[in-house]
Each structure stands twice: as C-alpha cells, then as structure tokens.
Amino acid sequence: MTQWVHVAVGVVRNAEGNILLAKRSDQAHQGGLWEFPGGKVEAGEAVSEALIRELQEEIGITPTEYSPLIEIRHHYPDKSVLLDVWDVTSFEGTAHGKEGQPIGWVKKDNLDITGDADYPLPAANAHIVCAIKLPTLVAITGEFGDVDEFSSRIENAARSGVGMIYFRAATQAAVDEYYIDAAIQACRAFNIRLQVPFYIFKQLTDDQLSSVSGVHLSSKELRSFKKSNALAHYLIGASCHNTEEINLASEAGVDYILLSPVKPTQTHQNAAPLGWNLFEELVKNTNTPVYALGGLDASDVKLAIRCGARGVAGIRGFWR
C-alpha cells in the first residue's frame, strides 16, 4: 500500500496577482528548484491548520482568505506525495524567507517547470501551474440568432466573470458564416480564452490559429487522440463522463476536463446525473484540473471547489 506524504501547499497571490515562489536549498529533496511554500501535514492536523502554520513558519505571513485549488498525487523515485494545494488570496504580514531562502513574486504566465525557466519548478507542479492559469468560470456557447446576438452573449459572459469561452458550434454553418471570427474578436476584446472543437481547429487559418487558446475534444475524439508537437503551445480540454474517460484524458495529457452531468440538464435529459458525491470521487482519480458541468451556474462554484473542481462550466447558466 502506498504511503503518501501529505503536504499542504499555498499558492500565495499578492494584490497584483503575482505568485510567491521560494527556492529550495540544494540539500533538500528536489534541491535548487523553486516551489510554492508549504509543508507536511502533521498527524491529526487539519490541512487548513497546516497551511497557516507552514506559511507563518516559512515566509512570515498569515493567510486570511484561502480555498482549495487542486490535489496532486505524484510518485518520485524515492517518495510519493499528496500535494493539497490551496489558493491564498489574502494574508497578513510581509512575505520573506524566514529560513534564509530566496523568494520571488512571479507573474502567473511566467510559471514553468522547465529547466530553462527563470524559476524552474519540480515536475509534480505541472498540474498546479495549469490550474493557476485556468479561470474559475467557463461559458459554453448555446443557441443564438444573428452574429450581433452571438457577440453580445460573449460580452455578457465576460462581464459576469467568465474567463474562457468554449465555442461549441452545432453546425458547420456556425463556422462558415464568420461566427468563429466574431468569437475571436469578442474574446480578444475582453482578454479571455477561446477554445474550439478539434474538428473546427483543423479548419482554421493561420491568423485564426494565432487567436484561439486551444482545442476541446469530445469523449469520442479522446479515444483516438494523440498529442502532437503542433498542439504543444495550445490548451487542450476534453469532455468526460466516467472513470474510463478520465483515465484516457489523463493519459492523453490534456490540460483540463469538463466532467458531466453533475445535475439534470435540458440538453441531455437522458443522461443520469453524477451528483456531487460521485463527482468528488471521480475528481480524485486524476491530477488534471476538472470543471463541473451540467445544470450549474456561478452559484455552484464554492461547492464545486470544495468537491475538488477547478471551477464550473455551463451553457444556460452563462450564455445569456
């Protein structure tokens, strides 16, 4: 039976949205690399208590607002670690290396696990970095009339806090009749990500490809998908509904999963809802960030996060 080292980790953000990193000593495990501060959860200690204690001891701050971000299970050659990662959005005190370790505030887009990075992170942090860069709310395009209504709905979603649009075109006409260009323009105007179905992605021009953030795979496409170098710099998502598909997504190396349906939906009335308990169990099967989907809106975010989700995705809840 695997003996996990349970570690509380803090993704500490300052007022500018930058992320705090601390450098590990050369003698430590994964020495010389940078890390998100935190430490081992002691026996009988709640994770939140360990998070507060470790951040006080390591960098001299006391978290005042924090919530779960993601759980990562990773096997090193010499140990297996469960990283219980929390988003710290407010704190008291001034961060400094209390143990003499260098610290740095890094823009989230500059976080990287490669050796060429200014602040190289351990391999186990790859999914943490992905979760940090992903938004909490994702809107999936639904029905619309003309292009003006389409663009207006994207604008409404962006103003309500949505950070990514999944352009799920129901017909080829939605691509041919310049809706993809309207989506690109609207998402660019509000600096939000635009994901497109894989079959649409393969039809885009070079100019369009430079403006989309990535591709989204159906559960059917996921079964034959092979990640190529051409997709290396794009965000890749996948729709999943069960353990088998989650495992396929993890093996394919996707960046996020839409897991559904959590609740009954009008669009998939014959699909049995997972419910929050099963949703939470399924999320534990992967290190990949997961969005809850199906009958949800922004009011479900806190519950979804408590169940291990990165956030919430939806059609009716956001496409207005």
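All of the points below concern the structure found in this document. (Residues numbered from 1 in each chain as written. Predicted model: local features only at pLDDT ≥ 70, side-chain atom pairs only at ≥ 80, totals over all residues. Heavy atoms only, no water.)

**Brief notes about the overall build of the protein chain**
In step 1: From N to C terminus, the protein chain includes 11 helices and 15 strands.
In step 2: The C-alpha radius of gyration computed for the protein chain amounts to 20 Å, which stays within 12% of the reference 20 Å derived for 320 residues, consistent with globular compactness.
In step 3: Projecting the C-alpha coordinates of the protein chain onto the three principal axes gives extents of approximately 60 × 40 × 35 Å.
In step 4: Per-residue burial for the protein chain yields a buried fraction of 50% across its 320 residues.
In step 5: A separation threshold of at least 6 residues defines the contact pool for the protein chain, and within that pool the share at least 24 residues apart is 62%.
In step 6: Total accessible area on the protein chain is roughly 15500 Å²; 46% of this is exposed by carbon and sulfur atoms. (Helix = DSSP H or I, 4+ residues; strand = E, 2+ residues; numbered from the N terminus. Rg over C-alpha atoms; globule rule 2.2 N^0.38 Å. Buried < 20%, exposed > 50% of the residue type's maximum accessible area, 1.4 Å probe, protein only. Contact = heavy atoms within 4.5 Å. Areas by Shrake-Rupley, 256 points an atom, 1.4 Å probe, with all protein chains shown as cover.)

**Observations concerning the side chain of Thr265**
In step 1: Along the polypeptide, Thr265 turns up in the loop between β13 (256–259) and α10 (275–283).
In step 2: Given the relative accessible area of 16%, Thr265 is considered buried.

**Observations regarding the environment of Glu280**
In step 1: Structurally, Glu280 can be placed in helix α10.
In step 2: Residue Glu280 is classed as partly exposed on the basis of its relative accessible area of 28%.
In step 3: Along the primary structure Glu280 and Thr141 are separated by 139 residues, whereas in three dimensions their C-alpha atoms are 26 Å apart.
In step 4: Apart from residues no more than four positions distant in its own chain, Glu280 is found in contact with Arg306 and Cys307.

**A few points about the sheet that holds strand β12 (residues 235–240)**
In step 1: The strand order around the closed barrel formed by 8 strands is β8-β9-β10-β11-β12-β13-β14-β15, and the pairing between neighbours is parallel. Taken over all neighbouring pairs, the strand axes of this sheet differ in orientation by 25 degrees on average, direction set aside.
In step 2: Packed on one face of the sheet, helix α5 (residues 179–189) meets β9 (164–166) and β10 (193–197) and runs near 160 degrees to β10. (Pairing = 2+ DSSP bridges. Axes fitted to C-alpha atoms, helices over the stretch in contact; angles between N-to-C directions.)

**Quick look at the sheet that holds strand β7 (residues 103–106)**
In step 1: The strand order across the open sheet formed by 3 strands is β3-β2-β7, and the pairing between neighbours is antiparallel. Taken across any chain shown, the strands that pair with only one partner, and hence form the sheet edges, are β3 (34–35) and β7.
In step 2: Where strand β2 (residues 19–23) and β7 come together, 4 bridges link them in antiparallel fashion. The residue of β7 that forms the bridge with Leu21 is Gly104.

**Thoughts on the pairing of strand β6 (residues 80–92)**
In step 1: Bridge count for strand β1 (residues 4–12) against β6 is 9 bridges, and the pairing is parallel. Bridge assignment links Gly10 to a residue of β6, and that residue is Trp86.
In step 2: Pairing geometry for strand β5 (residues 62–75) and β6, over 12 bridges, is antiparallel. When the sheet's bridge partners are listed, Pro68 is paired in β6 with Trp86.
In step 3: Linking β5 back to β6 in an antiparallel pair, the connection comprises 4 residues.

**Re the environment of Leu296**
In step 1: Here Leu296 is to be found in the loop between β14 (290–293) and α11 (301–306).
In step 2: Here Leu296 falls in the buried class, since its relative accessible area comes to 5%.
In step 3: In this structure, the C-alpha to C-alpha distance between Leu296 and Val196, residues 100 residues apart in sequence, is 21 Å.
In step 4: Aside from chain neighbours lying at most four places away, what touches Leu296 is Val262, Lys263, Trp276, Val312, Ala313 and Gly317.

**Structural notes on the packing of helix α3 (residues 147–159) against α5**
In step 1: For the pair α3 and α5, the least separation of the axes is 9 Å and the interaxial angle reads 30 degrees. Considering their axes alone, α3 and α5 lie roughly parallel with respect to each other. For the crossing formed where α3 meets α5, the hand is right-handed. Packed against α3, whose contacting residues are Val147, Phe150, Ser151 and Ile154, the element α5 presents Tyr179, Ala182, Ala183, Ala186 and Cys187 at the interface.
In step 2: Split into classes, the residues belonging to the contact of α3 with α5 amount to 8 nonpolar, 1 polar and no charged. (Parallel < 35°, antiparallel > 145°, perpendicular 65-115°, else oblique. Left-handed = near helix turned anticlockwise from the far one by under 90°. Nonpolar A, V, L, I, M, F, W, Y, C, P; charged D, E, K, R; others polar.)

Function cannot be inferred from these measures alone, as they are strictly geometric.
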